[in-house]
Every structure is written in C-alpha cells, then in structure tokens.
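# Inside the fold
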Amino acid sequence: MGDSPFSLAGKTILITGASSGIGRACAIESAKLGAKIIAGGRDEERLAETLAAVPTEGSSAVSADLLEPDFCKKISAAVSADEPLDGIVFSAGMNRLLPVGFIGEKEFAAAMRVNAEAPLMLVQTLLREKKLKRGASVVFISSISGGNVVSPGAAVYSATKSAADALMKSLALELASKQIRVNAVCPGAVETKMNALAAVSEAQKAEAEKRYPLKRFGKPEEIAYAVIYLLSDAAAWTTGTRLVIDGGFTLL
Amino acid sequence: MNFENFIEKIAPLFEETPPSALTAQTHYKELPEWTSLIALSLIVQVFNELGSTITGDDIEASATLGELFERVKKGAE
C-alpha cells in the first residue's frame, strides 16, 4: 500500500466536521489508507465514535465550534508543531433551507462563517504557526449548489458554497509557491443527516432521487474516495479544481 | 395558539387567495399558488412565528388547513 501514489501512509490529516456524514467517512477511509487523523467536530460523543472507527494509531479528536471566536486557537492547538499537517479536509457545513423571504442577517452570517470564512481563517492560522507542510493538500467539501445549480430554499447554502469555491481557487493560486494544493469536491445529494434535515419530506426525497441519472443519492464513502485522491500524491499536479461527484445530476 | 392566530400568520404566504377564503376546510395544497417553496415557507413561518416544529411529512399528511393546524399545535408542545 505504501508504494501506491494513492496511499496516505505517513500523512497527518485534519478533518473538520468529522463527527458525522461525509467528514466521518473521510476520517475512516483516509485512516484505512494509512493516514493519522485529527478529527474536529462539535459533538464530543459523536467524535469519539468516529475516532473509535479510525484504525490508525496516534489519531486524535478536537472539539470546537466554528461559530465560537476561539475555534482557530483550539484546533491549531490540537496540531503538533513537530508534526505539521500534510492535509486538511473542510467538511463542517451548515445547510438550513430558507426561502429568500425568510433569510435573516443572522442565518446568513452563520452559514457564511461555517461554510466559507472558517476554512480561510483556519488555513491562515495554521500557516502562520507553521503547522501546514510545504506540499500539503487542502480539500474543501463544497457542493454542486452554487457553482453548478441552485434549488428552492437553498439561496444561502448556494451563496456560501460559491464563496467557498472562490476562496479555494484564490488559496490554490496564492499557496502554489509553497507547493500547497487546494481543491474542492462538489457532491450532489448524499445520504447524510444534514441532507435528511434539509429534505422537506420523504416523498420529495424519493422524487429527488429519481432525477439523478444513477437513480440514487451518493454515499458518504463515495465522496471520501475523491477526497483521498486529492489528499494523495496521485493528485500532485492537481490544484484549484472543483471535482463534481453527483451521479450525473448536472448532466441534465 | 388558536386557529385564527394560525391563519393570520400563514395568510401572507398565499398571495392569490384572500385570508377570508382560508378556513379549516380549505384544501390548501389545491390552491393555485401552491408550490414546494410555499410548503417550505410554511415550515419556516410556523417555526418563526408560532414556535412549532412541523415537517414536510406533516404537510403531506394533512389535506385541509384544519388538519394542518392540529399538527402545528402538536409541533408546539
């Protein structure tokens, strides 16, 4: 496994939003390929469940809320200066369906904070503290929402994901001199708790699945495998890209 | 929370139907302006204005505004 360019052996990867859904799948699948994981999330109990499923020794968890002012300090403190990061996966996300007439300043600011601003601030902090290696790989879990499509009630989510895409590209350009690569994986609908909360009803969900050429929503692991490619040396010349993984949804 | 109070809060979502036409017997999903976006707006409005949590499944399951009101009352408990 160590010889494969897709191996993550010897790499230390920070994953936000690792307590559930896509973030948890990224933690578990990356660890299976040899990565040591620092799992970030809000819920300590669910983080512990993630950590228990991570097979690599030396992996750890850090509890932090991206809406709190001290989140950068907390997460950065969980990264050892002797062992700077080889990769980061930004999987923490917020998605509350709101028709445009109901969007308040507070809802907009919170979603923008979690989905776009927090990743930027965290990269800043980790760079300043020399905790992100030369040659590291940063992966945003973005979405087809915003960059490819919009849907009713998803204005805030789409706007924040577009913002994340733009930040991803800007970081890719500005950090290229350090050989740091920055990319985004843009999933269609994936079977997660966040998606379940966003769905209006079971009947609508079933209807939505039919609109996917592959006739189903994605599984968290199917997004994690794309993230692993971007984290690995196999993607050494890939930066600033949005990798769409959507069961063919945006073909239509 | 009473029925009149409920109607007062949700009436603005139905732009083509006068509030007086919104009764307990109204089959609201058959109104001309009904869309999935109004369904979503209902969920948010009921939460913001009446402190009740309902889901799309509650809307699926209730044909009239009277039936929906019963679920809104339950959602506020």
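So, about the environment of lysine 219 of chain A. All names here are of chain A. Among the secondary structure elements, lysine 219 is positioned in the loop between helix 7 (202-210) and helix 8 (220-231). The partly exposed category is assigned to lysine 219, around which 14 C-beta atoms lie within 10 Å. A C-alpha to C-alpha distance of 5.6 Å links lysine 219 and valine 190, two positions 29 residues apart in sequence.

Residue and element names in this part refer to chain A. Here helix 5 (residues 155-175) is 21 residues long and its end C-alpha atoms lie 30 Å apart, about the 30 Å a rise of 1.5 Å per residue gives. Within helix 5, the full set of buried residues consists of Val156, Tyr157, Ser158, Thr160, Lys161, Ala164, Asp165, Leu167, Met168 and Leu171. Looking at the buried side of helix 5, the elements it contacts are helix 4 (105-128), strand 5 (132-141), strand 6 (181-187) and strand 7 (242-245).

Moving on, we come to the packing of helix 1 (residues 21-32) of chain A against helix 8 of chain A. Residues and elements named next belong to chain A. The contact between helix 1 and helix 8 brings their axes to 8 Å, and the two run at 55°. By the angle between their axes, helix 1 is oblique relative to helix 8. The interaxial crossing formed by helix 1 with helix 8 has right-handed handedness. Within the contact between the two elements, helix 1 uses Gly21, Ile22, Arg24, Ala25, Cys26, Glu29 and Ser30 and helix 8 uses Pro220, Glu221, Ile223, Ala224, Tyr225, Val227, Ile228 and Leu231. Split into classes, the residues belonging to the contact of helix 1 with helix 8 amount to ten nonpolar, two polar and three charged.

On to the packing of helix 4 of chain A against helix 5 of chain A. Residue and element names in this part refer to chain A. Relative orientation of the contacting elements helix 4 and helix 5 amounts to 15°, with a least axis distance of 9 Å. By the angle between their directions, the pair helix 4 and helix 5 is classed as roughly parallel. For the pair helix 4 and helix 5, the sense of crossing is right-handed. Taking contact as the criterion, the partners of Glu107, Phe108, Ala111, Met112, Asn115, Ala116, Pro119, Leu120 and Val123 in helix 4 are, on helix 5, Val156, Tyr157, Thr160, Lys161, Ala163, Ala164, Leu167 and Leu171. Its residues assigned to classes, the contact of helix 4 with helix 5 shows 13 nonpolar, two polar and two charged.

To continue, consider the interface of chain A and chain B. Taken together, the contact between chain A and chain B spans twelve residues of the former and eleven residues of the latter. Residue composition of the side of chain A that touches chain B, grouped by class: seven nonpolar, four polar and one charged.

Both strand 2 (residues 36-41) of chain A and strand 3 (residues 60-63) of chain A contribute to a ladder of four bridges, which runs parallel. If you follow glycine 40 of chain A over to strand 3 of chain A, its bridge partner there is valine 62 of chain A.

This brings us to the pairing of strand 5 of chain A. Residues and elements named next belong to chain A. Most of strand 5 is tucked away, with seven of its ten residues classed as buried. Relative to strand 5, strand 4 (residues 85-90) runs parallel, the two sharing five bridges. Bridge pairing links leucine 85 to leucine 132 in strand 5. Alignment of strand 5 against strand 6, held across five bridges, turns out to be parallel. Across the sheet, the residue bridging to phenylalanine 140 is alanine 184, located in strand 6.

This part is about unusual backbone geometry. Most of the time, phi is negative for any residue but glycine, and the peptide bond is trans. Residue and element names in this part refer to chain A. In this structure, lysine 130 is a non-glycine residue whose phi angle is positive, near 55°. Phi is positive for glutamine 179, close to 60°, though the residue is something other than glycine. Relative to the elements of secondary structure, glutamine 179 occurs in the loop between helix 5 and strand 6. For glutamine 179, a count of 13 C-beta atoms within 10 Å corresponds to the partly exposed category.

Conventions used here
- Residues numbered from 1 in each chain as written.
- Chains lettered and ligands numbered in written order.
- Predicted model: local features only at pLDDT ≥ 70, side-chain atom pairs only at ≥ 80, totals over all residues.
- Helix = DSSP H or I, 4+ residues; strand = E, 2+ residues; numbered from the N terminus.
- Buried ≥ 20, exposed ≤ 12 C-beta atoms within 10 Å, placed from the backbone.
- Expected span 1.5 Å × (residues − 1).
- Contact = placed C-beta atoms within 7 Å.
- Axes fitted to C-alpha atoms, helices over the stretch in contact; angles between N-to-C directions.
- Parallel < 35°, antiparallel > 145°, perpendicular 65-115°, else oblique.
- Left-handed = near helix turned anticlockwise from the far one by under 90°.
- Nonpolar A, V, L, I, M, F, W, Y, C, P; charged D, E, K, R; others polar.
- Pairing = 2+ DSSP bridges.

Functional significance is not addressed by these values, which are geometric in nature.
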